[in-house]
Protein chains: 4
Amino acid sequence: MNTQSLRSTAAQANVDLLVRFQAVRAQTLALIEGLSDEDCVVQAMPDASPLKWHLAHTTWFFEVFVVEKFSTNFRPFDASFKVLFNSYYNGVGEKFPRSHRGFLTRPSLATVRQYRAVIDDQIAVLLSAKSGFDTSELEALVVLGINHEQQHQELMLADFKYLMSLHPLLPAYRAGWPLITTVLPQQRFLAFGSGLISIGYSGKNVKRYAEFSFDNEGPEHQVYLRAFELSNRPITYGDVLDFIDAGGYQQPEFWLAMGWDIVRLHGLNAPLYWQSHPSGGAPGWFNFTLRGLCPISLDVPVPHLSYFEADALARFSGARLPTESEWEHAALASKDQGKLIEQGNFLEDNLFHPTVARTAGANQSPSQLFGDVWEWTQSSYQAYPGYRSEDGAIGEYNGKFMCSQYVLRGGSCVTPRDHIRSSYRNFFPPAAQWQFSGARLARDLP
Amino acid sequence: MNTQSLRSTAAQANVDLLVRFQAVRAQTLALIEGLSDEDCVVQAMPDASPLKWHLAHTTWFFEVFVVEKFSTNFRPFDASFKVLFNSYYNGVGEKFPRSHRGFLTRPSLATVRQYRAVIDDQIAVLLSAKSGFDTSELEALVVLGINHEQQHQELMLADFKYLMSLHPLLPAYRAGWPLITTVLPQQRFLAFGSGLISIGYSGKNVKRYAEFSFDNEGPEHQVYLRAFELSNRPITYGDVLDFIDAGGYQQPEFWLAMGWDIVRLHGLNAPLYWQSHPSGGAPGWFNFTLRGLCPISLDVPVPHLSYFEADALARFSGARLPTESEWEHAALASKDQGKLIEQGNFLEDNLFHPTVARTAGANQSPSQLFGDVWEWTQSSYQAYPGYRSEDGAIGEYNGKFMCSQYVLRGGSCVTPRDHIRSSYRNFFPPAAQWQFSGARLARDLP
Amino acid sequence: MNTQSLRSTAAQANVDLLVRFQAVRAQTLALIEGLSDEDCVVQAMPDASPLKWHLAHTTWFFEVFVVEKFSTNFRPFDASFKVLFNSYYNGVGEKFPRSHRGFLTRPSLATVRQYRAVIDDQIAVLLSAKSGFDTSELEALVVLGINHEQQHQELMLADFKYLMSLHPLLPAYRAGWPLITTVLPQQRFLAFGSGLISIGYSGKNVKRYAEFSFDNEGPEHQVYLRAFELSNRPITYGDVLDFIDAGGYQQPEFWLAMGWDIVRLHGLNAPLYWQSHPSGGAPGWFNFTLRGLCPISLDVPVPHLSYFEADALARFSGARLPTESEWEHAALASKDQGKLIEQGNFLEDNLFHPTVARTAGANQSPSQLFGDVWEWTQSSYQAYPGYRSEDGAIGEYNGKFMCSQYVLRGGSCVTPRDHIRSSYRNFFPPAAQWQFSGARLARDLP
Amino acid sequence: MNTQSLRSTAAQANVDLLVRFQAVRAQTLALIEGLSDEDCVVQAMPDASPLKWHLAHTTWFFEVFVVEKFSTNFRPFDASFKVLFNSYYNGVGEKFPRSHRGFLTRPSLATVRQYRAVIDDQIAVLLSAKSGFDTSELEALVVLGINHEQQHQELMLADFKYLMSLHPLLPAYRAGWPLITTVLPQQRFLAFGSGLISIGYSGKNVKRYAEFSFDNEGPEHQVYLRAFELSNRPITYGDVLDFIDAGGYQQPEFWLAMGWDIVRLHGLNAPLYWQSHPSGGAPGWFNFTLRGLCPISLDVPVPHLSYFEADALARFSGARLPTESEWEHAALASKDQGKLIEQGNFLEDNLFHPTVARTAGANQSPSQLFGDVWEWTQSSYQAYPGYRSEDGAIGEYNGKFMCSQYVLRGGSCVTPRDHIRSSYRNFFPPAAQWQFSGARLARDLP
């Protein structure tokens, strides 16, 4: 290929990237459709951020890491935003405390929308530029920014759900209830043999976009697995109900010591968002969803489990949580690999709640590995062998959280479909419940 | 007077009351002019409420205690508001936790404005009605509601100031700075002799409106005072600076034990809102005001002292805080009584910050007894001898707070001028700083 | 009287004082008879001190304020004790944090006993000395030290009771149960007229020792009282049971707001040390005492009420707590004044728990004003008019605690009989329960 | 071998076991020699237990899990001890809260010594018995009890050190200072190749006693390792000083996010027990040891690092912490395997503080792998593949703590020498500092 055609190809790639950039940016705005300025400014707890902050921070990421770097004559949209909308990048100046994000009544939501539009234009200009700099670095950073924004799309919904759950009237984020009437597959366990396998990002992963992975997904490396089996489906509301009815929240033998302390301290008797008697309603278990309060549906994968609850449910079932290696191996071994992500229930499906699997899964494939609920693994979030974080502020992205967190896999009903991969490692502290976190059972084989 | 003319007089009184009602209600709305919906929804700390909540709660008071009681065919504006906008009246159903007021993104500010307008109309109808019920009770409750709303006007400004102080950019509530260049009177102490005096609400108080007092201001009762003297002016910024420069925040001998514990726990070295070096600015002491950050002005009465700071400043000066009886006696004994309130700096003056006394005070009258800053007294907030709280929910207004709080007198630059009286007892916990609370020195006489 | 005889009189006074000093010191040691070194070293909570610390601190007081001042060639028993056993006198060097007193496993109890003996000898030498210095100041400080030690005798028992209550086996401090079978007088209210009365230490108080008062008891001053009436007896266990059975711990209308918050936060349903079902025992209410766990006795004055509980019980009974002026006036007005203290149940009676009044009280005298239980008054602990604290470290004794505490009067079953006076002002924060604090009802008269 | 000789062999084994049992029990008592009853009863923090409690709890273990099971006509020494001295075995009745252990002034230390003697006799009787039951189960439980007691020996010293560090006079546990003057080996990194290796308890471990391992050490399993290198020596005081001098405690880039939060919250600037200026002494860094306060010695392995500090020190050195598989592999690969434990500095050496390696280490062997300081690994404490915890209360020993803790390897100067193995997994939360926890650097090889 000659230079000219190389340049054309690069230019076309940038056009494609611009289209994707704009689609993701539009998706973010679509998530706040119908919400008021007031809905977008309030912070529900230190771990959850206001929607407006998410809108601004994702834009800040593009401004600071892309526009500031590649634009000639860069002038910030507003110099104060560098502090106000930084999240945790110690390398980018003094950060504003996380728990204070809800005090930012100014700038207004209207100004933040304008900020988004201006930065969008600047990115478009950069991506359309003939050259003048190394476009591969530009592209890499834009792709990183896109993935970063997709992460925040998911957080926006989890955070807003938490906020609405604190309102005495339990308002619905989206009205109506899209009934999906399918039959849950009977629980079966699928067997996997022992051996040395390979996991981590490699280009051979189950995915839709090939070009990107976070640094924590690599390097690809070998792991020796014992023989094990994995459930064909996630833990459901019905499974939790069995646990509750068997007194599971009252019996320490099912719980990790730290989990049991939390159960007793807060007097827990069900997962987050469950309530046994809605005021003035019928008896039975209800749960708060992004579509309002509704009765639990037994066959649906259950979200909002803590690691402790997931582990206790597994112990109660005579099983255990899978390791992340086992989970990833099962995904790579699936014959239906190409359809696993397509069939999942993701953000773009606009359900914002798990559902029963829409296809029952082939005989030997686990259903709903991707989408619906993130699946807690028993694996602590650690560096892979040979891992090195990137230099500079970008390097703060993942490595410094590698302590006392646990890995979740597969994405959820509020994850963008394009965002997930089989090598994708999400992570949260074991007590976290406000994410769409479920689990799937595993067992040792002799 | 015949029955006809009695009715006319009552009708005229109601017309006057309606005019006053409408003026106070309009004043409340004027306070949020220029603020956004976002500014009005956020809660800065558990003790401070969102502006929208104040707007709704003061309206709730009129709806629940007046409209619901006197309207035939009462229908609530929105049934859920009875819980959402209750403050602490245990007698009026389940209350919504104080620290959760900031989660009420719904109803919107627009709906709350509409709520205000609807209840205003209903009150207007009731006050304009020919009769049908005991108008004296109606009037009493409307007057109570007006006074209640005036209290919240003051809280709105204190609460909003606190919120803005948490914003990294320290936004001003009102722009510009109305310079007032007067000379602070030299500090002198005015003497008062011993004897049995009378304090408490009696109809003989220094006031502008005669018809009303809170239950905690009575009954009128006798108190024996020793001879004492009182400073002619409040404690100023300059006085605080002397204390700081003398190491007052480092020396336990000036402090009550509980205050000293707070000083050490938080490492305090100046009152709330003071900062020694604004970023990028000149050295020296600055303080945050409702007009933004500005250098301190030595001759101005200092607001935002805790009881502990006021007490320590007095001890440092070889003086003490006055009792509330002494303060009230001094107000009643003043020759300028008629002008004391007129000359004060109050909410209606739109300064929202203390100033040097605009008139220097006659020879024997303390200046600025009313307005500018509330003055901490050394008196614990207790029931007066013979006090009985009213029955029912209205009775929860004052009595149940009579523990571990201290009395402040005289009103401040964010108090409505019509709201204050010489018998008026404000009260806050001794550590509270976010109100416009200052102090005045007293000394024993032999 | 000539100089010689003056000196003789002074010498005789010193002999008497030495006898009294030694008796009080011996009483302190008697309180730990039968306890182990281990019992004496442990700290149960930050507000309670280990017994060993009390033994050492009271000795420290004599060493630092008396021996160090008056001994020629003073050498400290152990230089480190000056810090280790200081309590809160900021003027005497760096203090050791209160909550760390339980970490002082060294010096041993044996060493502390030796410390006591050495300082006792030094005091004896000083009091026996012919002269050489102003003996009146020496005597005044020894008397202060005696009174200080008596205060700690009471604290020792309250603190140790709290420690034993945390032991799963609820050990008794003293074995056996001295039954006293008397009849509780029927509740009557005794009337007192209005007028200007005098309170505060004056030499005319109800007392056994005339020569001493704490600075906070003066100066004597005039107070105007409205007409009131006072119950002839303290609140009893039976009164509390009525309150419990009427749902008093579930109804906010009886409680001060701050008290209600505590009730809900801790889920209180009875006073401290009450339990409804001892393990393996009969149903009914029991309470832990210094003689072990035993069933409640309805006619006995109830100890360990918080101010909030005392106030709620009064409100429930259609009454109120008396002011400290009312209480003191009632004591001074009693015809039986001479017997009031003699008949009370005090430390020297070795019961360590309240009992029914042993004499029923004359017709017009309140029974058990002194001894059995301290009585909460509604009065905040404030300086009397004209009060000035003493200079230097001794002056830290009382004044700096004059905030957010409430006055109790009359002494209890763990107060030394010689220690109490009608003008005596004890004080604790309103939530404190671990002292022997009860209450007596008062009512307004028209 | 015939039955008779089998029985003889078993009997001899029991005799040997009895000797070992008695030696370990005696070692425990030797640790409190010279301490007072008071020293043994106090609890310094919730995580640390009183010495008396350790003495009683280790005895409780033998009484409940051995004597109660195998004795005919079992009668408890004291029925209440079953609750008082349980630690966390939910399966053995209601446990007494951990943070309340310091309130157990009764039973006395003398009674606990008697308790130990009585149970020792009962164990001796059981081990000397001809037969009557399955001796292998008896032996297994006694061996478990011995290992359990050895764990508590280490905890006793760590807990007591913490208590002494809170005493203002910083008393020494053992007097004098055993100087050891050796030369620290120059830091070198020893290389290890990649491959599938085997770790976990297997009978082939580096050890002194073959018969026992905790359940968490198995099963033996295969792990794939990348090539890596390991430092020949642990991190020293000198390494920490370099880190401090380079501003390591002020720079977030060296720290895990959770560690940095702790650094800022507590204002840390050095490890636990370090102080820069002892009162009245020379400048420079000192640290508190079980032999009192002394200047730091640069060449000595540093104890009392948190996981966060160990990780930050590694990052600062361009290295990382080893995984537990790497550590165990290095121990197994050592040519000096037989001497590694012998040469270590352990409890029996009575130094109670790390020292410079007494033998410099052969060319290719890491020195001080065993003894001196526990070495943090980067491995989260998780179940090995195929792990199953034992049934019943004994099964609560390890499994339920497998969350948010990190593995340490190799034992320390307060670990009994017989207690350690190459497969031994100790674990603590990452913020824990009061154990003798150090670290060793590792690096990736290409």
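Details of the structure are given in the entry above.
If you're wondering where the values come from, they're calculated on a predicted model, not measured in any experiment. (Residues numbered from 1 in each chain as written. Chains lettered and ligands numbered in written order. Predicted model: local features only at pLDDT ≥ 70, side-chain atom pairs only at ≥ 80, totals over all residues. Heavy atoms only, no water.)

### As for the relation of the copies chain B and chain C
No. 1: For the pair chain B and chain C, the superposition axis carries a translation of 0.0 Å, the fit reaches an RMSD of 0.0 Å, and the rotation angle comes to 180°. What the rotation and shift describe, once combined, is the action of a two-fold rotation axis. Within chain B, S404(B) has its C-alpha nearest the rotation axis, a separation of 2.3 Å.
No. 2: Most of the interface of chain B is mirrored in chain C, where 100% of its interface residues again form contacts. (Least-squares fit on C-alpha atoms with pLDDT ≥ 70 in both. Contact = heavy atoms within 4.5 Å.)

### Comments concerning the packing of helix α7 (residues 237-245) of chain A against helix α9 (residues 307-316) of chain A
Residue and element names in this part refer to chain A.
No. 1: Running from N to C, α7 and α9 point in directions that differ by 75°, and their axes come no closer than 11 Å. Comparing their axes, α9 and α7 come out roughly perpendicular. Mapping the contact onto sequence places D239, V240, D242 and F243 in α7 and A312, L313 and F316 in α9.
No. 2: Of the residues assigned to the contact of α7 with α9, the class counts are five nonpolar, no polar and two charged. (Axes fitted to C-alpha atoms, helices over the stretch in contact; angles between N-to-C directions. Helix = DSSP H or I, 4+ residues; strand = E, 2+ residues; numbered from the N terminus. Parallel < 35°, antiparallel > 145°, perpendicular 65-115°, else oblique. Nonpolar A, V, L, I, M, F, W, Y, C, P; charged D, E, K, R; others polar.)

### Side note on the interface of chain B and chain C
No. 1: With 33 residues of chain B at the contact, the number on the chain C side is 34 residues.
No. 2: The contact between chain B and chain C buries some 2600 Å² in all, and 51% of this surface belongs to carbon and sulfur atoms.
No. 3: Three residues stand out in chain B for area buried against chain C, namely Y224(B), R226(B) and C403(B), and they jointly supply 21% of the buried area on that side.
No. 4: Across the chain B-chain C interface, the total number found is zero salt bridges.
No. 5: At the boundary of chain B and chain C, one finds ten residue pairs in polar contact (both at pLDDT 80 or more).
No. 6: Going through the elements one at a time, β3 (221-225), α8 (257-266), α9 (307-316) and β8 (374-380) of chain B are the ones with two or more residues in the side of chain B that touches chain C. (Buried area = accessible area lost by both parts, 1.4 Å probe. Salt bridge = Lys/Arg side-chain N within 4 Å of Asp/Glu carboxyl O. Polar contact = N/O pair within 3.5 Å; in protein donor to acceptor, adjacent residues only side chain to side chain.)

### Brief notes about the sheet that holds strand β11 (residues 437-438) of chain B
Residues and elements named next belong to chain B.
No. 1: Strands sit in the order β10-β9-β8-β11 across an open sheet of four strands; the sheet is mixed. Only two strands of the sheet have a single partner each, and these edge strands are β10 (426-428) and β11.
No. 2: Note that strand β9 (residues 406-409) and β10 share three bridges and pair antiparallel. Within β10, the position partnered with L408 by the bridge is N426. (Pairing = 2+ DSSP bridges.)

### Section: the interface of chain A and chain B
No. 1: Across the contact, 30 residues belong to chain A and 30 residues belong to chain B.
No. 2: Interface area for chain A against chain B, summed over the two sides, is near 2300 Å², with a carbon-plus-sulfur share of 63%.
No. 3: Ranking the residues of chain A by area buried against chain B places E38(A), F103(A) and R106(A) at the top, with a combined share of 33%.
No. 4: For the interface between chain A and chain B, the tally reads four salt bridges.
No. 5: Residue K52(B) pairs with E38(A) through a salt bridge whose shortest N-O separation is 2.4 Å.
No. 6: Seen at the junction of chain A and chain B, the total is ten residue pairs in polar contact (both at pLDDT 80 or more).
No. 7: Looking at the side of chain A that touches chain B element by element, the count peaks at four residues for helix α2 (residues 37-41) of chain A.
No. 8: Residues of the side of chain A that touches chain B, tallied by class, amount to 18 nonpolar, seven polar and five charged.

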